[in-house]
Amino acid sequence: MKQQRHTLAALRVSRWVYGGAFLIPFAILCLIFWRLQITPFGPRNLLFSDMGTQYIPILENLRATVLHGQFHLFSFSLGSGSGIIPLLTYYVISPFNLLVFLFSATKLPVAMTWIIILKISTIGLTMAVFIRHAFLKSGWSMLLFTTAFSLCGFVSMYFYDMMWLDALIWLPLVALGLHRIVSLHHYGLYTVSLTVTIISNYYMGYMTCLFSVMYFIYLIIEHQPTATPFKDVWHMHWPAIRQFTIGSLVAGGMSMIVLIPTAMGMLLTGKSNFFINNYLPTPMFGPEVLAQFAPGTSTYVSHLYHAPSLFMGTLMFLLLIVYFVSPQIHAVEKKRTMWLLIVMGLGLFITVLNTAWHMFQQPAGFPYRNVYFFTFLALTTAYRAWQTHPSQSMNDPQKVLALVWAAGLLVIGFLSAQVIPTVWDHLLPSYNHDLYVMSQPAFHLLWPALGLLLLNTMLLFITEWRPIRLGLMGVLISFELGGTFLMATQGMEWGSQPKFEKYYQKDAANLNRVTAAKSKPNLHRIDFSHSQIGRAYSGVYNHYNDAIMFNYPGVSYYSSTLNEQARVFQHDLGYFSPNARRISSQGYSSLSDTLMGVKYRLNAKHQDPVDRLDTYAGFGFAVPQKFGKLQLDDQAALINQQRILAALDAPKNTLAPVKVLSVTTHRAHEDDLKRVAGSTEMPDQRFVQTFKVRVTATGLLHGYSPANAIIYSSLAVNGRSVRPMIKADGYRYLAKLGWFTKGDVLKISYVTQAPLAGYTNQFASMNERKYVKLADSLKQQRFKLRANSGVSWLSGDVTGTTDRNLLYVAIPKTPGWSATVNGKPVAIQAAMHAQSLIPVRHNYPGMIGVPLKPGKNHVVLHYTTPGLKLGMTISLASFAIFLLLWVTVEWQRPLKKREEDLANQHRF
């Protein structure tokens, strides 16, 4: 009876602890967001970084398409068009995201705040479940560790990349599942939690698979009281090894519904490029990383590149040291734990291993995304040290030794942070090393860190006043974690919630004038790079994902899932693209408008914001066969456009080069440098170069520089600034210089770092009269979509002739599309080929080309997500296998064993 009362009391404590594990980080975050005045606690919102440019637009697109019945597995809002599965699996699939359906589009930032708060709070809850069942302990002290994990350094630095938080929620359950495999030979929890982790975010799921292998090996070795040969360990734990293998394979199989189509989609991105420097056994940091165990050492200012975010509370850092000092822990256990932490640490430290952890691609910003695994292992180690009751089990010299070790490591870290990164950058200068130097914590932060360490040491080693001591520890660690989270937000450029609501409605009203978001047969694209939604952002807003946010076919896109061949094609036409994740609508011309199917250009600043383009020739049109065989060259946008016009049989000088009258160069003076944007990253040695030209055709004048030496923020025509909307300094794109009349004499000037490269610059005007005539001729044989057309199924008619026997469709020729002409299957051809030289040389197919016969052609284009059917089949088969094994192994077998045990008891 007494034992039963103790059991019931422990269960009641567990329930309260579970509630506390959730509510403590919940309360801390509410206080932090209230202090920061983040909606719903104030007028600010999370419109910055990936949250403002990717998560909110993408989740709004999901909300709108599902609620309006327009959801498809292909979307024309993703640049020039792309399958949506990789986007969903990277950014969207999380049960917490269902919360967005309870909010309107203008209130979506409010939903984001609550999703983040709920996710971080749930991390504490699952950590409590892990500690309770893995260590068979229940008590209020668990809350110290659950709160430390839910608000660790990784969370503080990357909470706004909220899809990564799901991995932290499921990690404790995956680890608990591994414990159950080793101790009970039950793999159900491990298989289910790993499957959900992979489906929630395959990127973090991949890392969790690597962690699972490491942690499982550690667990089976840990069960040996003395050093044992691995062969013997293998034989003793063969049932657990078998269960782990089966559980892992079944989890992978059940995840194939997202893994296969996602893998096939991601292979089309620029992330498949190979860089040898990422695979070298070089170090990525030095002893300065030890400073990261101190509070407040990282802020948002350094989010692009910084040391691993190791912070988990000073008490936890001290307990980690205590583990290796305590006499209650055997040397063999310390050795095994040390090796586990070392192996995990090497995954952060060695470049090639770090690259492997990040799916064999180094992160572009937000480095060391796998650091939370080290934090989890460090916290479990700290909890083991806590269980030894160090205040009672350690003598005074050992306590002093733990304090000295902890303080010494912090001192080494802060001293190294002042020297090593600077020396490293001097010896091997690079962009990341420059950022790393600037990310180092100030030395004066060492003193509060040592003060907190001393205070925690006193509390840890006091034996009296246990409830009060535990309460003080809880208050102190909450203060540390909350303060570090608050300090990590320094430099964040918050958005304005009132402005977001106001300008979202205004931009949506402008788009409704052209029925942008409605499903209709006359498919066309819209360029709305002058929307007002950017006014809701405090930082730079480049309108990359406006088309996703407002759900209309656009041109620009920013995502880790951007199709590389589509990006390269647009870049070869002249569109601005700084890297493999971004393509902008800046850099358009009348020809690219026609090729991309742009019908409307909107500018919210104009009295009449809607401009219907007379260069629109439909979403597809018949072209000569030679058009499909064109090869576009990288770094040659104007030359490419001349080739395309020639292939379309355009009149001579439709794109007319200007007549250069003179070129002058002088060193930049102080007044000249005032035109340069302060954010430019170009070197300081600068010159001003001026072209004096005569325009040879009436129309829009464009400039293009094959070199990457122009500071476009200084670009001016006759003294009037024509700087682009985006930060283009040092890149290449087709600059729009203005509308001019034939015979106009202009002075085009800019600041440059390499004046000699300026002599390769090209300037040309699109002859408006000639080009409109060409566009009209293309309209005569346009692809007329029928009323039953959708997004992933296009049906229409086009007239073919002997000289125009290829249908050009403004959709990238990517896997998944099939075509029929007059009911007969035909092979889709590439309409043009595009080329990239940076970051690697590669040739890509352009847009969709469908062969035509003379006369009327009924063309049907159908999109099927590559790999989806195969993935679904494997997932269903794996799920059936899992159910069968679970029923027979984890339910029926234990049930039979219990029945046999009861029968044996009755016999006696």
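The structure displayed is predicted, hence computed values, not measured ones.

Looking now at the pairing of strand β15 (residues 710–717). Among the 8 residues in β15, 8 count as buried, and that is most of the element. Direction of pairing for β15 relative to strand β18 (residues 745–752): antiparallel, over a ladder of 4 bridges. Paired with Val-717 across the two strands is Ile-748, which belongs to β18. In terms of strand pairing, β15 meets strand β16 (residues 720–721) through 2 bridges, oriented antiparallel. Residue pairing for β16: Val-717 is matched across the bridge by Arg-720. The loop that links β15 with its antiparallel partner β16 comprises 2 residues; one of these, Asn-718, has a positive phi angle of about 55°.

Bringing the sheet that holds strand β13 (residues 687–694) into the picture now. Judged by pairing direction, the sheet is antiparallel, and its 5 strands sit side by side in the order β12-β13-β18-β15-β16 without closing on themselves. Edge positions in the sheet fall to β12 (659–667) and β16, since each has one partner strand and no second.

The strand order β5-β8-β9 describes an open sheet built from 3 strands, whose pairing is mixed. Two strands lie at the open edges of the sheet, namely β5 (525–530) and β9 (610–612), each paired on one side alone. With strand direction ignored, the average angle separating the axes of adjacent strands in the sheet is 25°. Pairing of strand β8 (residues 598–603) with β9, which is carried by 3 bridges, proceeds in the antiparallel orientation. Across the sheet, the residue bridging to Leu-602 is Val-610, located in β9. The strands that helix α22 (residues 497–512) touches are β5, β8 and β9; relative to β5, the one it contacts most, it runs at about 150°.

Glancing now at the confidence of the model for the protein. Looking at the protein as a whole, the pLDDT averages 91, with 94% of positions reaching at least 70. In this model residues 1–8 is a low-confidence stretch, pLDDT under 50, and it forms 0 contacts with partners more than four residues away in sequence or in other chains.

Our focus in this paragraph is the pairing of strand β26 (residues 842–851). With 5 bridges connecting them, strand β22 (residues 806–812) and β26 associate as antiparallel partners. Across the sheet, Tyr-808 pairs through a bridge with Gly-849, a residue of β26. Sheet analysis places strand β25 (residues 829–836) next to β26, joined by 7 bridges and oriented antiparallel. Residue pairing in the sheet places Ala-831 in a bridge with Met-847 of β26. Here β25 folds back onto β26 in antiparallel fashion, the turn holding 5 residues.

The subject of this paragraph is the packing of helix α13 (residues 314–325) against helix α20 (residues 446–460). Interaxial distance between α13 and α20 falls to 9 Å at its minimum, and their mutual angle equals 65°. The handedness of the crossing between α13 and α20 comes out as right-handed. Here Thr-314, Leu-315, Leu-318, Leu-319 and Val-322 of α13 lie close against α20, whose contacting residues are Ala-449, Leu-452, Leu-453, Asn-456, Thr-457 and Leu-460. Of the residues belonging to the contact of α13 with α20, the class tally is 8 nonpolar, 3 polar and no charged.

Further remarks concern unusual backbone geometry. The peptide bond linking Thr-39 to Pro-40 adopts the cis configuration, its omega dihedral lying at 10°. Although it is not a glycine, His-185 sits at a positive phi angle of roughly 60°. For His-185, the location among the structural elements is in the loop between α7 (165–184) and α8 (188–200). For His-185, a relative accessible area of 31% corresponds to the partly exposed category. In the Ramachandran plot, Asn-653 falls in the positive-phi region, its phi being about 60° despite a non-glycine side chain. Position of Asn-653 among the secondary structure elements: in the loop between α27 (637–647) and β11 (655–657). Taking relative accessible area as the criterion, Asn-653 reaches 42% and is therefore assigned partly exposed.

How each quantity is defined
- Residues numbered from 1 in each chain as written.
- Predicted model: local features only at pLDDT ≥ 70, side-chain atom pairs only at ≥ 80, totals over all residues.
- Heavy atoms only, no water.
- Buried < 20%, exposed > 50% of the residue type's maximum accessible area, 1.4 Å probe, protein only.
- Helix = DSSP H or I, 4+ residues; strand = E, 2+ residues; numbered from the N terminus.
- Pairing = 2+ DSSP bridges.
- Axes fitted to C-alpha atoms, helices over the stretch in contact; angles between N-to-C directions.
- Contact = heavy atoms within 4.5 Å.
- pLDDT = per-residue confidence, 0-100.
- Left-handed = near helix turned anticlockwise from the far one by under 90°.
- Nonpolar A, V, L, I, M, F, W, Y, C, P; charged D, E, K, R; others polar.

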